[in-house]
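As a plain string of letters, each chain reads:
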Amino acid sequence: SPIDTPMVAPKTTDTPYKPVKNDYGAGIGSAAGSLVISEQGVLTVLTPDGRPVTHSANLGSTNTTTPLGFNTTVSLSCFDLSSNQAQLYGRGAGPTDDLTMTAAGRVTPRVANRATYVPYYYSTDGYGMLAVVEKAYNTSKGSLFPATYEAKGGTVQWCADGALDLYFMPAETLEEGTKEFYSLTGGAAVPPKYAFGFTASRWGWGNRTYIQETLEHFRTGNFPIDAFIVDFEWYSNTSDYDLPADGYDWFNDFGWHNETFPDPVQQLVQYKEDYHVRFAGIRKPRYGNSDVLKFAKSKGWILPQGEPAGDAPGPPDQPPGYYAQGRQVNYSNPEARAWYAEHMAHYTTEGVDFWWNDEGETDFYTFHWWNVAQQDAMRSVDPSRRFYTLNRAFTPGTARIGAAYWTGDVNPTWTDLLGTPGMMLNWGLAGAPFVTCDIGGFTNQTNAQLLTRWYQVGIFLPLMRVHSTETATPHWPWLWGPEPEAAMRGALELRYRLLPYHYSLAHHQYETGSLWMRPMVMDYGSDAKAAQLTTQWMDGDLLVAPVLYKDNHKSIYLPNGTWYEFNTTNTMVGPQTITGQAGLGEVPVYVRAGGVVAVAPVIQYSDALPGGPLEIQVYAGADGSFTLVEDDGETTAYEQGATRHVRFAYNDSAKELTWSVQGAANGPVTVEVFFTLFAGGKRVSSPPAPVGTGGSLRLQPEEILVV
């Protein structure tokens, strides 16, 4: 039987198959292709029409081994698969390879602060592959999953420790391969609508007064916001880093800190009613209270290892490279999860909306099982609420639960800003489609220019969130001078104007498995220049190329075709590269001809949608379409089809926009739309028209005709 793994969705339906026999051997076949083994022990994967995709060497005679590395003594057994000099996508990424899209050298799956790699790739030979082994190895550099691979020109070498399961996914393109991978791992749940707005986070919310004054400043300054996250200080008067292995009797793992939340229920109600913001607190995968630890240890629920610290020495009473040893929970134990869920459930009742999960690299699957426990806690109180968390690392399959991710403790440097888009794109291919980061950098003091440019990148990340360390100036826009403040407000306003667009694309991703934020190679794989780009990407029909350099240099590569500057009539014809200097408020974004983009009025929080008539922007030169998806934004009812789909279709020859409506949503929906056409160097808008059950609007540069 297959090795049990949470990476594969438990409800995944097996593809119908039947026995096959051909010139390459005997095995099984399906509509996706076939897999056979010859009498000599050679495994071959074939397309549905019988074309070989890849084959192994004689599996019975392999004796190649390689070390797992990372200061372990583990030796892996290896075998080779043939390759036609293929490129491998989907490995994940860390700071050393976030500027490349393809695997180079050996990929060792691991979870760590700032780096996640997975036992999966899509090969341009025409298939994807996920590997599963029975156990992981925990090191000071993260938890390692001993199923490694390396492209070696004419072969791809897989090496594993012990039994190995391989999931083959024949697919002609990277897009199809990624869809198959997400289908295998369970897809990606849609986060609640507020998650698509802006989240303010920091370490150092000092007290209740500071929280209230900060939220008030966001509102009175017209800085759109939907959520805030509080570090240790929401439940403790200190961090837990210096706690001994037996904990302290005064430490409360499941309480509230009386300085920040002396009246948590009343405060969270007020923050939602007065400021329209949601709340999350940090969680660590460990305990600090001595009685709780004594009980958990008596049950065998505590892992032997600590949290990996990398090259840091760690506390004096801990092994080098680790911290908090003796306090880390083994969430793979169902009883440990149930006890944790029982003690976490009251937070849902008291008003906590979501969780920020930090430092869960204690084992390869810690984040997965930790999220399962938190989901159980929430659903014990509110079964229909949409589950949502932010996590520092991931394994494939956590997205189906409702987990999202941030890229770890990045530095406030231009180097780390430059690497942010590549991290997001590589993680998306590896099974993490909802990625954000510590905008501005976490570890030290940032500066106004860097923070502003990072805000602008954040507009076009799946999730947008700032974060800063305890001793740094918070990354609130009004603290950095008038010009940066205006530019950051502009970034937030554009984020919110695109919220219906992004939310609809996330639903499309859920429904089809197609990535919404995706690398250029997915759309322009035959364009060698576009294929390796990590500093620009596709956001639906938008090509995003933000400024990532201290000297304000911009560089945009436009593939073949006609392109418009977003929200203008300026056109360019690709392929060409555009360079120059960008003002602090400039964010280079382009739309290909035929692009259809939904743009909301400026709003201050997601619950204010629709906020007025929805603008449907169309960039002439080709036919195009876009489907607006609306639901209640809060519950899992969308999984049962409680959504409204409004499909907009643009006919370029007639300059006509038509729409049709299917389904119904529980909650506010768009009532009116107007059509803005960019064509012939002109911009023309129609009057608003009711959405109703369908309709159409026709525009010419010289006239307006409402049908």
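It should be noted that the structure appears before, not after, this text.
Here the structure is a predicted model, which is why all the values come from computation and not from measurement. (Residues numbered from 1 in each chain as written. Predicted model: local features only at pLDDT ≥ 70, side-chain atom pairs only at ≥ 80, totals over all residues. Heavy atoms only, no water.)

The number of helices and strands found in the chain is twelve helices and 44 strands. In terms of overall size, the chain behaves like a compact globule, its C-alpha atoms giving a radius of gyration of 26 Å where 707 residues would be expected to give roughly 27 Å. For the chain, the spread of C-alpha atoms along the principal axes amounts to about 75 × 70 × 50 Å. Looking at the chain residue by residue over its 707 residues, the buried ones come to 60%. In the form shown here, the chain has an accessible surface area of approximately 25700 Å², with 50% of it arising from carbon and sulfur atoms. Each charge sign in the chain was given a centre, from 47 positive and 73 negative side chains, and these centres are 2 Å apart. (Helix = DSSP H or I, 4+ residues; strand = E, 2+ residues; numbered from the N terminus. Rg over C-alpha atoms; globule rule 2.2 N^0.38 Å. Buried < 20%, exposed > 50% of the residue type's maximum accessible area, 1.4 Å probe, protein only. Areas by Shrake-Rupley, 256 points an atom, 1.4 Å probe, with all protein chains shown as cover. Lys, Arg positive; Asp, Glu negative; His and termini not counted. Charge placed at Lys NZ, Arg CZ, Asp CG, Glu CD.)

This part takes up the layout of surface pockets. Empty space within the largest pocket amounts to approximately 980 Å³. Of all elements in the fold, only strand S2 (25-30), strand S3 (33-37), strand S18 (165-170) and helix H1 (174-185) reach the threshold of two or more residues within the lining of the largest pocket. Top element by residues in the lining of the largest pocket is S18. It accounts for six residues. Of the volumes computed, that of the second largest pocket is approximately 710 Å³. Taken together, 36 residues line the second largest pocket, and the ones lying closest to its centre are Asn113, Pro308, Ala309, Arg392 and Asp409. (1 Å grid on protein atoms, 1.4 Å probe; cavity = no way out; pocket = protein on both sides within 12 Å on 5 of 7 lines; lining within 4 Å. Points joined across faces, edges and corners; volume = space filled by probe spheres on them.)

The next thing to look at is the pairing of strand S5 (residues 52-58). Inspection of the sheet shows strand S4 (residues 42-46) paired to S5 by four bridges, in the antiparallel sense. In the strand pairing of S5, Leu46 is matched with Pro52. Two successive antiparallel strands, S4 and S5, enclose a turn made up of five residues, where Gly50 displays a positive phi of approximately 90°. (Pairing = 2+ DSSP bridges.)

Before going further, it helps to examine the sheet that holds strand S32 (residues 553-565). Hydrogen bonding along the main chain pairs the strands of a sheet, whether they run parallel or antiparallel. Read from one edge of the open sheet, six strands run S29-S30-S31-S34-S32-S33, paired in antiparallel fashion. Only two strands of the sheet have a single partner each, and these edge strands are strand S29 (517-519) and strand S33 (571-581). If you compare each strand with its neighbour and ignore which way they point, the axes differ by 25° on average. Of the strand pairs in this sheet, S32 and S33 are connected by ten bridges, and their pairing is antiparallel. The residue of S33 that forms the bridge with Leu558 is Gln576. Contacts from helix H7 (residues 414-429) reach S29 and strand S30 (537-539), with the element oriented near 100° to S29. (Axes fitted to C-alpha atoms, helices over the stretch in contact; angles between N-to-C directions. Contact = heavy atoms within 4.5 Å.)

Reading across from one edge, S9-S11-S10-S15-S14 is the order of the five strands in this open sheet, with antiparallel pairing throughout. The sheet is open, and its two borders are formed by strand S9 (92-93) and strand S14 (137-139), each paired with just one other strand. Pairing between strand S10 (residues 110-112) and strand S11 (residues 115-117): three bridges, direction antiparallel. Directly across from Ala112, in S11, lies its bridge partner Ala115.

If you walk through the whole model with that rule in mind, you get one disulfide. The disulfide bridge from Cys78 ends at Cys159, spanning 2.1 Å between sulfur atoms. The sign of the 110° torsion about the S-S bond sets the Cys78-Cys159 disulfide as right-handed. A residue pair is termed long-range when its members are at least 10 positions apart, and Cys78 in strand S7 (residues 75-82) and Cys159 in strand S17 (residues 155-160) qualify at 81 residues. (Disulfide = S-S within 2.5 Å.)

Sheet analysis places S2 next to S3, joined by five bridges and oriented antiparallel. Within S3, the residue paired with Ile28 across the bridge is Leu35. Count of turn residues in the S3/S4 antiparallel hairpin: four residues, of which Gly41 carries a positive phi of about 85°.

Positionally, Thr420 belongs in helix H7. Given a relative accessible area of 4%, Thr420 falls into the buried group. Here Thr420 is in contact with Cys437, Trp454, Val457 and Leu461, once residues within four sequence places are set aside. A distance of 2.9 Å separates the side chain of Thr420 from the backbone oxygen of Asp416, its partner in a polar contact. (Polar contact = N/O pair within 3.5 Å; in protein donor to acceptor, adjacent residues only side chain to side chain.)

This part takes up the packing of aromatic side chains. Tallying each qualifying case throughout the model produces 65 aromatic pairs. When the ring of Phe223 is compared with that of Trp478, the centres are 5.5 Å apart and the planes differ by 40°; the resulting orientation is tilted. Taken together, the residues Phe223 in the loop between helix H2 (208-220) and strand S20 (227-230) and Trp478 in the loop between strand S28 (464-466) and helix H9 (482-497) connect sequence positions 255 residues apart. On the accessibility criterion, Phe223 (1% relative accessible area) is buried. When the ring of Tyr241 is compared with that of Tyr323, the centres are 5.8 Å apart and the planes differ by 70°; the resulting orientation is edge-to-face. Residue Tyr241 is found in the loop between S20 and helix H3 (264-275), and its partner Tyr323 is found in strand S23 (residues 322-323); the two are separated by 82 residues along the sequence. By relative accessible area, which is 26% here, Tyr241 ends up partly exposed. With a relative accessible area of 15%, Tyr323 lands in the buried category. Just above the ring of Tyr235 sits the side chain of Arg283; from NZ or CZ to the centre is 4.6 Å. Here the guanidinium or amino end of Arg465 rests over the ring plane of Trp406, the centre of that ring lying 5.3 Å away. (Phe/Tyr/Trp six-rings, centres within 6.5 Å; stacked < 30°, edge-to-face > 60°. Lys NZ or Arg CZ within 6 Å of the ring centre and 35° of its normal.)

Moving on: the packing of helix H5 (residues 334-350) against helix H6 (residues 366-381). A packed helix pair is summarised by two numbers, namely the angle formed by the two axes and the spacing between the axes. Look at H5 against H6: their axes get within 7 Å of each other, and the N-to-C directions meet at 50°. Judged on the interaxial angle alone, H6 and H5 are oblique. When the axes of H5 and H6 are compared, the crossing they make is right-handed. Here Arg337, Tyr340, Ala341, Met344, Ala345, Thr348 and Thr349 of H5 lie close against H6, whose contacting residues are Trp369, Trp370, Val372, Ala373, Gln374, Asp376, Ala377, Met378, Ser380 and Val381. Class assignment of the residues belonging to the contact of H5 with H6 gives a composition of eleven nonpolar, four polar and two charged. (Parallel < 35°, antiparallel > 145°, perpendicular 65-115°, else oblique. Left-handed = near helix turned anticlockwise from the far one by under 90°. Nonpolar A, V, L, I, M, F, W, Y, C, P; charged D, E, K, R; others polar.)

Another aspect to go through is unusual backbone geometry. Of note, the bond from Gly574 into Pro575 is cis; its omega dihedral lies within 30 degrees of zero at 5°. Following the sequence through the fold, Pro575 ends up in strand S33. Omega for the peptide link from Leu609 to Pro610 comes to 10°, which places this bond in the cis form. As for its position among the elements, Pro610 is in the loop between strand S35 (596-599) and strand S36 (614-619). A positive phi is found at His276, a non-glycine position, where the angle reads about 60°. Along the chain, His276 turns up in the loop between H3 and strand S21 (278-283). A relative accessible area of 26% means that His276 is categorised as partly exposed. Even without a glycine there, the phi angle at Asn552 is positive, about 65°.

Turning our attention to the packing of helix H8 (residues 448-459) against H9. Close contact between H8 and H9 brings their axes to 9 Å; oriented N to C, the two are set at 10°. Relative to H9, the element H8 lies roughly parallel. Taking contact as the criterion, the partners of Ala448, Leu451, Thr452, Tyr455, Gln456, Gly458 and Ile459 in H8 are, on H9, Pro484, Ala487, Met488, Ala491, Leu492, Leu494 and Arg495. Taken together, the residues of the contact of H8 with H9 sort by class into ten nonpolar, three polar and one charged.

What follows deals with the side chain of Thr44. With respect to the element layout, Thr44 can be found in strand S4. When its relative accessible area of 4% is taken as the criterion, Thr44 is described as buried. With residues up to four places along the chain from it excluded, the contact list for Thr44 reads Tyr24, Ser34, Leu35, Val36, Pro52, Thr54 and His55.

Bear in mind that shape data such as this cannot, by itself, settle questions of function.
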